[in-house]
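Coordinates in review
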Amino acid sequence: MSFKKKKFTLPPIIKALDKLPSPPPQPPLPPLPKPPPTTHLAALPTLTLTPTSNHTNLLHFLNSYLTKIQPLTPQNLLHFFKTKLHHHPHFSHYDFHIFNWVSTIDSFSHDHQTFEWMARTLAITNRLEELGLLLQFMSSNPCPCSEGIFSCLRIEPIFQFCINAYCKARKLDDAFLAFECMRKLIDGRPSVVVYNILINGCVKCGEHDRAIGVYDRMLKDRVKPDVFTFNILISSYCRNYMFELALELFREMKEKGCSPNVVSFNTLIKGFFRERKFEEGVKMVYEMIDLGCEISSVTFEILVDGLCKEGQASEACGLLIDFTRKGVLPRKFDSFGLVDMLCKKRMADRALEVLDELWRNGNIPSMISCTTLIEGLRKSGRREEAFGLMERMLKENIVPDIMTFNCLLHDLCNEGRTVDGNKLRLLASRKGLDVNEMTYDILVSGCIREGKRKEGEALVDEMLDKEFIPDLATYNRFIDGLSKTRSSTQ
């Protein structure tokens, strides 16, 4: 007995729609923003009994492409979705309707490729109700890969993505329903990644008890928790002011043979500072060093910020100097917070000492740290140190902002050091600082006060070349001031 292959054609209802008489002229309708929800598999695209221009165009679009696909396979359908439908400006939101319609064809069966593409598309576009319908369809229409004794290996990753989407949308009930559906479809136990997604979703939604329930079920299912599981729960305990339980879980973590990472330690250090247990927090940093755990810049930001808020800036300075001498301070650590706090307390000299120590050991400060310290030194009358720091910055290719530079330049000129100020301007220009008319105004005014006519005229000529002199009155003011001075070279 031989079987004749069934040729794929559009359903009769679509052909019948094509034969309906044309309706009377109607005003143009805007494109449908979203198709109505689908609760069962229906023929596409019978969305209305009266054909519209948009409906007719959709029929023509499907007839143009789908009838040419012979035979219709999941791979061909996926190619149609990705290359034709997905980028269409008017029909892309009909993807799930077409997906459902194709599933009614006897000779066609979806597989994990079309399931995964459809699930990701619905999740990314936040069509979570349709996503639930898709998961129900998957549970009742297994992937052809699972016709044997084993289930399809792609089922768990598909559900994992969907569960994560539900958790991000704070739809925990839907996430748990998807989890239960997945358990029935996969072989063995869910992976630790899926449990972590559920636990993290509960924590983000403020459902701490529910997160603990998932953890208990995880242990009951004999799924071994990993460092991410413990970090999520330790953070949740700390957020809910149950710090002792966080410490207990940290000990349990080590007893189960799971090595804590920098996130584990950072969370507990922050918890110690919140509980005002500063000594214990500092000891934990040294414990990290002893265990060989890589310390991040976040660790020191927590440490410095916590001590500074409690008025212990000097202690924070001592710790940073100790850590940099031990060689454990991360290169990317920015001491801006500490420098800013010290300058506000009129301890710019101490801030300069710390910055110098860090710089000497290879921890180059940021531009904002340096300029903040320069302002602190200026306000405390330590202009020479400020000038030296500016020079050091420029030699290390750290270019300051123009406002800080001009303020320091003004201080130098007021002290009769216009020549030094001009040398600093030349150095800054070579390093990439765009000086402005204010820079030249400060220097020319300094030359006038100091009687440096030749240097002042050279600066005025540069201003003319750069079009920094706005009008004739400004030019005359400079020239008149310089003509009344006696050149220092005479």
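Please refer to the structure higher up on the page.
Conventions and cut-offs
- Residues numbered from 1 in each chain as written.
- Predicted model: local features only at pLDDT ≥ 70, side-chain atom pairs only at ≥ 80, totals over all residues.
- Heavy atoms only, no water.
- 1 Å grid on protein atoms, 1.4 Å probe; cavity = no way out; pocket = protein on both sides within 12 Å on 5 of 7 lines; lining within 4 Å.
- Points joined across faces, edges and corners; volume = space filled by probe spheres on them.
- Phe/Tyr/Trp six-rings, centres within 6.5 Å; stacked < 30°, edge-to-face > 60°.
- Helix = DSSP H or I, 4+ residues; strand = E, 2+ residues; numbered from the N terminus.
- Buried < 20%, exposed > 50% of the residue type's maximum accessible area, 1.4 Å probe, protein only.
- Lys NZ or Arg CZ within 6 Å of the ring centre and 35° of its normal.
- Expected span 1.5 Å × (residues − 1).
- Contact = heavy atoms within 4.5 Å.
- Salt bridge = Lys/Arg side-chain N within 4 Å of Asp/Glu carboxyl O.

Looking at empty space enclosed by the protein
Scanning the model with the defined rule gives two cavities of 30 Å³ or more in all. What the second largest cavity holds in volume is close to 30 Å³. Considering the residues around the second largest cavity, the lining is formed by F333, S335, L355, L358, N363, I364 and P365.

What about the packing of aromatic side chains?
If you walk through the whole model with that rule in mind, you get 20 aromatic pairs. Ring centres of F61 and F91 lie 5.4 Å apart, and the angle between their planes is 45°; this geometry places the pair in the tilted category. Of the two residues, F61 is situated in helix α2 (residues 53–65) and F91 in the loop between α3 (74–85) and α4 (95–102); the sequence distance between them amounts to 30 residues. Each member of the pair F61 and F91 is classed as buried. Here the aromatic rings of Y440 and F468 are separated by 5.7 Å at their centres, their planes lie at 55°, and the arrangement is tilted. On the criterion of sequence distance, the pair formed by Y440 in helix α23 (residues 437–450) and F468 in the loop between α24 (453–465) and α25 (472–483) is long-range, its members being 28 residues apart. The positively charged end of R392 is found above the aromatic ring belonging to W359, 4.2 Å away from the centroid.

Looking at helix α16 (residues 313–326)
Along its 14 residues, α16 runs 20 Å from first to last C-alpha, staying within 8% of the 20 Å computed at 1.5 Å per residue. Of all the positions in α16, only A313, A316, C317, L319, L320, I321, F323 and T324 are classed as buried. Tucked inside the fold, the buried residues of α16 contact α14 (278–291), α15 (297–309), α17 (336–344) and α18 (348–360). Downstream of α16 by one or two residues, G327 has phi in the positive range, about 80°.

Digging into the pattern of salt bridges
Summed over the entire model, instances satisfying the criterion amount to 26 salt bridges. The residue D340 makes a salt bridge to K344 at a minimum N-O spacing of 3.2 Å. With D340 and K344 both in helix α17, this residue pair falls four residues apart, about one helical turn. Taking the relative accessible area as the measure of exposure, D340 reaches 21% and is therefore partly exposed. Through salt bridges that share partners, R325, D356, E357, R360 and R392 make up one connected network.

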